[in-house]
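Residue strings, one per chain:
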Amino acid sequence: MVFQNPYHSLNPKMKIYDILKESLDINTKLSRSEKKERIEQIIKDVGLPVEALENYPHEFSGGQRQRIAIARALILKPQILIADEPVSALDASIQAQILNLLNDLKKKYNLTIIFISHDLRVIKYLADRVAVMSLGEIKEIGTVEFKNVSFKYPDAKEYLLKNISFKANQGETVAFIGSTGSGKSTLINLVPRFYDATEGTVLVDGIDVKEYTGELLHNKIGYIPQKAVMFNGTISSNVAYGDNGKEELTEEQIKKAIEVAQGKDFVEKMDDKYNSHIASGGTNISGGQKQRLAIARAIARDPEIYIFDDSFSALDYKTDAALRKALKKHTKNATSLIVAQRIGTIMNADKIIVLDNGKCVGMGTHKELLKKCKVYKQIALSQLSKEELENE
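The paragraphs below set out a description of the structure included in this document. (Residues numbered from 1 in each chain as written. Predicted model: local features only at pLDDT ≥ 70, side-chain atom pairs only at ≥ 80, totals over all residues. Heavy atoms only, no water.)

## Notes on the sheet that holds strand β15 (residues 351-356)
Move 1: Spatially, six strands are ordered β10-β13-β14-β7-β15-β16 in an open sheet, and the strand pairing comes out mixed. Looking along the sheet, the strands with just one partner apiece sit at the ends: β10 (221-224) and β16 (359-364). In this sheet, adjacent strand axes meet at a mean angle of 15 degrees when their direction is disregarded.
Move 2: One ladder, built from five bridges, connects strand β13 (residues 305-309) with strand β14 (residues 335-339); its direction is parallel. Among the inter-strand pairings, Tyr-306 is bridged to a residue of β14, identified as Ser-336.
Move 3: Sitting on the sheet, helix α11 (residues 287-301) is in contact with β10 and β13, with an inclination near 180 degrees to β10.
Move 4: Seen against the sheet, helix α15 (residues 374-383) touches β7 (173-178), β15 and β16 and runs at an angle of roughly 95 degrees to β15. (Pairing = 2+ DSSP bridges. Helix = DSSP H or I, 4+ residues; strand = E, 2+ residues; numbered from the N terminus. Axes fitted to C-alpha atoms, helices over the stretch in contact; angles between N-to-C directions. Contact = heavy atoms within 4.5 Å.)

Set out below in structure tokens:
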């Protein structure tokens, strides 16, 4: 563990070498030479010279002492590092150095870092995921909320969205349906900030999306557009494409993502399987195959939030149903926002939002909306018979 004040873990009467050696003496059976080798390596890894081991804590600056505290926390090669406000007492330039160091050590030692901070700028830079706490409880993770959101393009007179409010909690599936031009895609495009709300607030994990860096916000999201984008390369390189702020994907992760996306059968029938060539734009595979690979790309990112913008439209009903079933099982802790034209794709959603001319005209489950929302019932009856709806 790394504290805000490094003196909490550094004995002022001991040299740095002895401070680091103490943990090894108590917790390991390493030989003297093995201890010396590990101590010298860890002090180098935190950016200090080996000669520093012969000094006392008071002989270092605040930033250097924090490096030594980090070295002490890592000397036993833990899997998890807890950092409790480790940079809040440092000036901005030293903060940046320590944050860069933690990022480097995270990769080198394959660490999970639990970082505690009140500074949103620090969180933006370092965190893959953010949990907001209040009064001892985690309040927000994997949530998307719209508060009185309206949107129009700059200089336009007419609003495309008008006073939209809803909340998607972690693990929920929230679907959006409506006629063409009702504002479905525009609405979900406000989450990754392809556009910004004209009025109202869009929040992710309880934080206004405008407060995030683009990188941190996008690392929380797996976005699948209606028109799947494929790049010149292989099946594997297309699924692994993009940086999600985590480690490089393994072959097993890529294969699992393709399996969940119902692409395993067609991929393994190709000549080179996962190394099979994909032409630019995916011109050598079908539309449904492209959509499944695009969905696999999002699954492989393991995001907090999935956004499906009519992403199942090129799939047949059987594949659509199988994919959604596998997806729900695999991503049970993730939040899903789904834009769809087909009632069958969304009828099992936790919440369905019906849009008409940019306004929310209905919100509820499939069964609730059939009873109370005329627009939804009209859409449903245009696709399914009364008997089919009654049997659902």
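Okay, back to it.
## Some remarks on a positive patch on the surface
Move 1: On the surface, Lys-256, Lys-264, Lys-325, Lys-329 and Lys-332 cluster together to form a positively charged patch.
Move 2: Structurally, the position occupied by Lys-325 is in helix α12 (residues 317-330). (Patch = residues over 30% accessible without salt bridge, like charges linked within 9 Å, V, L, I, M, F, W, Y side chains within 5 Å. Areas by Shrake-Rupley, 256 points an atom, 1.4 Å probe, with all protein chains shown as cover. Salt bridge = Lys/Arg side-chain N within 4 Å of Asp/Glu carboxyl O. Lys, Arg positive; Asp, Glu negative; His and termini not counted. Charge placed at Lys NZ, Arg CZ, Asp CG, Glu CD.)

## Remarks on the nonpolar core
Grouped burial of nonpolar side chains is what soluble globular proteins tend to show.
Move 1: Ranked by size, the top nonpolar core spans 67 residues in total, and within it Ile-70, Phe-115, Phe-146, Phe-176 and Leu-187 carry the most contacts.
Move 2: Residues contacting Phe-146, with those up to four places away along its chain left out, are Ile-164, Ser-165, Phe-166, Leu-187, Leu-190, Val-191, Thr-201 and Val-202.
Move 3: Listed in part, the 47 residues of the second largest apolar core include Ala-228, Ile-235, Ala-334 and Cys-373. (Core = buried A, V, L, I, M, F, W, Y, C linked by side-chain atoms within 4.5 Å. Buried < 20%, exposed > 50% of the residue type's maximum accessible area, 1.4 Å probe, protein only.)

## Quick notes on the side chain of Thr-319
Move 1: Topologically, Thr-319 is positioned in helix α12.
Move 2: Discounting chain neighbours no more than four positions away, the residues touching Thr-319 are Gln-262 and Arg-292.

## Some remarks on a nonpolar patch on the surface
Move 1: Together, Met-1, Ile-80, Ile-82, Ile-114 and Ile-116 make up an exposed nonpolar region whose accessible area comes to about 410 Å².
Move 2: Breaking the nonpolar patch down by element, the ones donating at least two residues are β1 (80-84) and β2 (112-116).
Move 3: Tracing the chain through its elements places Ile-82 in strand β1.

## Some remarks on the pattern of salt bridges
Move 1: This model, assessed by the stated rule, comprises nine salt bridges.
Move 2: As a salt-bridge pair, Arg-193 and Asp-196 come within 2.8 Å of each other at their nearest N and O atoms.
Move 3: By relative accessible area, which is 31% here, Asp-196 ends up partly exposed.

## Overview of helix α4 (residues 92-108)
An α-helix turns once per 3.6 residues; consequently, residues spaced three or four apart project the same way.
Move 1: The end-to-end C-alpha distance of α4, which contains 17 residues, comes to 24 Å, matching closely the 24 Å that a straight helix rising 1.5 Å per residue would cover.
Move 2: Residues of α4 that are buried include every one of Gln-95, Ile-98, Leu-99, Leu-101, Leu-102, Asn-103, Leu-105 and Lys-106, and no others.
Move 3: Looking one or two residues beyond α4, the residue adopting positive phi is Asn-110, at roughly 55 degrees. (Expected span 1.5 Å × (residues − 1).)

## Section: the packing of helix α1 (residues 16-27) against helix α3 (residues 62-74)
Pairs of packed helices are described in terms of their axes, by the angle between the two and the distance that separates them.
Move 1: At a minimum axis separation of 9 Å, α1 and α3 run at an interaxial angle of 25 degrees. Classified by the interaxial angle, the pair formed by α1 and α3 is roughly parallel. Relative to α3, α1 is oriented so that their crossing is right-handed. Of α3, the residues touching α1 (which contributes Ile-16, Ile-19, Leu-20, Glu-22 and Ser-23) are Ile-68, Ala-71 and Arg-72.
Move 2: Its residues placed into classes, the contact of α1 with α3 shows five nonpolar, one polar and two charged. (Parallel < 35°, antiparallel > 145°, perpendicular 65-115°, else oblique. Left-handed = near helix turned anticlockwise from the far one by under 90°. Nonpolar A, V, L, I, M, F, W, Y, C, P; charged D, E, K, R; others polar.)

## A look at the environment of Ala-92
Move 1: Position of Ala-92 relative to the elements: it lies in helix α4.
Move 2: Judged by its relative accessible area of 61%, Ala-92 is exposed.
Move 3: Placed 22 residues apart in sequence, Ala-92 and Ile-70 show a C-alpha to C-alpha distance of 18 Å.

## Brief notes about the packing of α11 against α12
Move 1: Running from amino to carboxyl end, α11 crosses α12 at an angle of 5 degrees, the nearest separation of the two axes being 13 Å. Regarding the angle of α11 to α12, the classification is roughly parallel. Two secondary-structure elements touch here, α11 through Arg-292, Ile-295 and Ile-299 and α12 through Thr-319, Leu-323, Leu-327 and His-330.
Move 2: Residues belonging to the contact of α11 with α12 are distributed by class as follows: four nonpolar, two polar and one charged.

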